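Structural overview
Next come the chains, spelled out residue by residue.
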Amino acid sequence: MYLALKKTHAKDATKLQKIISNLIKWRLCSIYSHAGIVVGDTLYHSSYINHGLRCEKFIMEESSGWDFFYLGDQDDEKVLETFKSFEGTPYDLIGLLTFILPFKADLKKLYCFEWCGLALGLNIVNRVTPEDLLVHISQNKRML
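The residue numbering used here restarts from 1 in each chain and proceeds along that chain's sequence as written. pLDDT decides what is reported in this predicted model: residues at 70 or higher carry local features, side-chain atom pairs at 80 or more are listed and counted, and totals for whole chains, interfaces and linings draw on all residues regardless. With hydrogens and water set aside, each side-chain value is computed from the structure's full complement of heavy atoms.

Read across the open sheet, the 5 strands follow the order β4-β3-β2-β1-β5; overall the sheet is antiparallel. The open sheet has two edge strands with one neighbour each: β4 (52-57) and β5 (66-70). Here the strands of the sheet are splayed against their neighbours by 25° on average, with no regard to which way each runs. At least two bridges found by DSSP between two strands is the condition for calling them paired. Put simply, DSSP marks the helices as runs of H or I at least four residues long and the strands as runs of E at least two long, and each gets a number from the N terminus on. In this structure, strand β1 (residues 2-6) lies alongside β5, joined through 5 bridges in antiparallel fashion. Looking at the pairing, Leu3 lines up with Phe69 of β5. A contact between two residues is defined here by any heavy atoms of the two lying within 4.5 Å. Whenever a helix is involved, its axis is fitted only over the stretch in contact; in every case the axis is a line through C-alpha atoms, and angles between N-to-C directions fall within 0 to 180 degrees. Across the sheet, helix α3 (residues 112-119) is in contact with β1, β2 (34-39), β3 (42-47) and β4; its angle to β2 comes to roughly 35°. Sitting on the sheet, helix α4 (residues 130-139) is in contact with β1, β2 and β5, with an inclination near 155° to β1.

The values are spatial; any link to function lies outside them.
Rendered as structure tokens:
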């Protein structure tokens with residue numbers, strides 16, 4: 001299982017999608033604009049373009065523009081159970097405003113970093129950034 005963090009926009013991204021990707025990176029002061037969890041050959045992620053939390057075939061070796069962080073394999077079932085519980089959850093476009101305004105997280109909708117945090121066991125009460133995910137996995141390495 002891997003945490004997958006996306007550095008570039010998709011090759012077939014529209015102009016609007018490229019702008020949104022760049023705005024996310026700019027606002028988060030991050031090199032990453034998207035995230036997901038890879039289990040086997042499947043990416044579990046929440047996407048505005050693809051209508052919320054879903055999964056799709058994903059081959060890491062053929063995926064450029066991503067960084068992958070190994071999480072171990074013993075929690076695969078837990079992540080898959082969490083995914084099944086939240087599958088289809090709409091994308092949290094309003095939740096992205098927590099980076100601008102003081103909104104609380106609402107797990108009725110999830111943006112990609114919230115989904116990954118939830119899957120990794122973070123207590124989601126405020127905004128979640130790619131760096132929050134990296135800190136969480138580095139602090140919990142001994143548990144992996």
